[in-house]
Amino acid sequence: MAKIIDGKAISAEVKVKVAKEVAALKGQGISVGLAVVIVGDASASRVYVNNKKKACEAVGIYSEEYALPASTSQQELLELVDRLNHDGKIHGILVQSPLPKGLDEAALVETIAPQKDVDAFHAYNVGKIMQGKYSFLPCTPAGVMELLHSAGVEVCGKRCVVIGRSDIVGKPMAMLLLHQNGTVTICHSRTQNLKEICREADILVSAVGKAAFVTGDMIKPGAAVIDVGMNRNQEGKLCGDVVFAEAEKVAGYITPVPGGVGPMTIAMLMKNTVTAAKLQNGILP
Ligand code: NAP
């Protein structure tokens, strides 16, 4: 049976460290602040934003929420981001994805000051990540790396397979594994022989967004299986991409959903916000 990698417990440890740093910064007269912008009323987004707010309270980060109607224009959003870019109380700016149709999310992200881009989606930060010279890491892939590290899963020299090539998960995930000297394959919807490729993986990361996508026969015995997917099953329950009951019999390590990658994403957001505050106060170069 696979060892469960407990994202809830590991994220709690990260948040304890973050809270200490937040308190230390407060002692230096710096109150760390995060602004979260949510547009429209998608219920999943509301849940994510509430969780982020709760995490801020838990670690002592000051937070502001801008809940805007779906009718908000691109220009109004640009003006808000511009104001937050110049707001000394705010060190991190996060625009909750997805934005309602008609708004250009990519264009908006490019207007966030790179030092306040705590999601690390701005082209400047993406480029830094490619070069391995980053200040911020994107929260979900960074959370996955932390989970692997905490579980004692060595990446160096291992065959790593990432299913999914999105800008926010798959691509940066592959890059972080590569930086740790993994031998990385990225799979996507046009990949042929997906099952065979996955079966070669010592570390398999699934970021597809389809329930029951990764079955037990796609997993190499003893592999570390990281399930990034957040889906609803037929009963409406939150689930990942991996058929957990099958996978846990084959894998060496596995993350559950819920309680795996999800809580880590939020913990890494808190960590990035502290990094942002340090950068903006000259504590980090
Ligand atoms: P996305 O942008 O929709 O990307 C999905 C990826 O899966 C695409 O690259 C797509 O390939 C690939 N894919 C789809 N069908 C496939 C198939 N049959 N075979 C192989 N690859 C296939 O999604 P995302 O934003 O990366 O998110 C992925 C999942 O992670 C979602 O469930 C999301 O909710 C979850 N998520 C979780 C967290 C967390 O904190 N736990 C954070 C972010 C995202 P193509 O590129 O060829 O279309």
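Here, every reference points to the structure presented above.
What counts and what doesn't
Residues numbered from 1 in each chain as written. Predicted model: local features only at pLDDT ≥ 70, side-chain atom pairs only at ≥ 80, totals over all residues. Heavy atoms only, no water. Core = buried A, V, L, I, M, F, W, Y, C linked by side-chain atoms within 4.5 Å. Buried < 20%, exposed > 50% of the residue type's maximum accessible area, 1.4 Å probe, protein only. Contact = heavy atoms within 4.5 Å. Helix = DSSP H or I, 4+ residues; strand = E, 2+ residues; numbered from the N terminus. Expected span 1.5 Å × (residues − 1). Axes fitted to C-alpha atoms, helices over the stretch in contact; angles between N-to-C directions. Parallel < 35°, antiparallel > 145°, perpendicular 65-115°, else oblique. Nonpolar A, V, L, I, M, F, W, Y, C, P; charged D, E, K, R; others polar. Left-handed = near helix turned anticlockwise from the far one by under 90°. Near = heavy atom within 4 Å. Polar contact = N/O pair within 3.5 Å; in protein donor to acceptor, adjacent residues only side chain to side chain. Areas by Shrake-Rupley, 256 points an atom, 1.4 Å probe, with all protein chains shown as cover.

Considering the nonpolar core
Link 1 in the chain: Counting residues in each nonpolar core, the largest one holds 56 residues, and the members touching the most others are Ile61, Leu148, Leu177, Val205 and Met270.
Link 2 in the chain: Each residue touching Met270, except ones within four places of it in the same chain, is listed here: Val18, Leu34, Lys52, Ala55, Cys56, Val59 and Ile61.
Link 3 in the chain: Among the nonpolar cores identified, the runner-up in size contains 17 residues, and Leu194, Ala201, Val214 and Val242 belong to it.

Concerning helix α2 (residues 43-59)
Link 1 in the chain: In a regular helix each residue adds 1.5 Å, so 17 residues correspond to 24 Å; α2 covers 25 Å between its end C-alpha atoms and thus fits that length.
Link 2 in the chain: Just downstream of α2 lies Gly60, where phi reads positive at about 90°.

Some thoughts on the packing of helix α5 (residues 123-131) against helix α7 (residues 170-179)
Link 1 in the chain: For the pair α5 and α7, the least separation of the axes is 9 Å and the interaxial angle reads 30°. Judged by the inter-axis angle, α5 sits roughly parallel to α7. Judged by residue contacts, Ile129, Met130 and Gln131 of α5 engage Met175, Leu176 and His179 from α7.
Link 2 in the chain: Per-class residue counts for the contact of α5 with α7 are 4 nonpolar, 2 polar and no charged.

A look at the packing of α2 against helix α10 (residues 261-280)
Link 1 in the chain: Where α2 contacts α10, the axes come no closer than 10 Å and their chain directions differ by 55°. Between α2 and α10, the angle is such that the two are oblique. For the crossing formed where α2 meets α10, the hand is right-handed. For the pair formed by α2 and α10, the contact residues are Asn51, Lys52, Ala55, Cys56 and Val59 on the first element and Ile266, Leu269 and Met270 on the second.
Link 2 in the chain: Here the residues of the contact of α2 with α10 sort into 6 nonpolar, 1 polar and 1 charged.

Here's the deal with the side chain of Glu64
Link 1 in the chain: The residue Glu64 is located in strand β3 (residues 62-68) in this model.
Link 2 in the chain: Its relative accessible area of 13% is what places Glu64 among the buried residues.

Structural notes on the site of the ligand
Link 1 in the chain: Taken together, 21 residues lie near the ligand, and Arg165, Ser166, Ser189, Met230 and Thr265 sit nearest.
Link 2 in the chain: Interatomic distance of 3.4 Å between a backbone N/O atom of His188 and a nitrogen atom of the ligand.
Link 3 in the chain: Contact between the ligand and Asn231: an oxygen atom at 3.4 Å from a side-chain N or O atom of the residue.
Link 4 in the chain: Notes on the ligand: free accessible area 930 Å², of which the protein chains cover 71%.
Link 5 in the chain: By residue number, the principal contributor to the shell around the ligand is α10, which donates 3 residues.
Link 6 in the chain: Among the residues forming the shell around the ligand, the class breakdown is 9 nonpolar, 10 polar and 2 charged.

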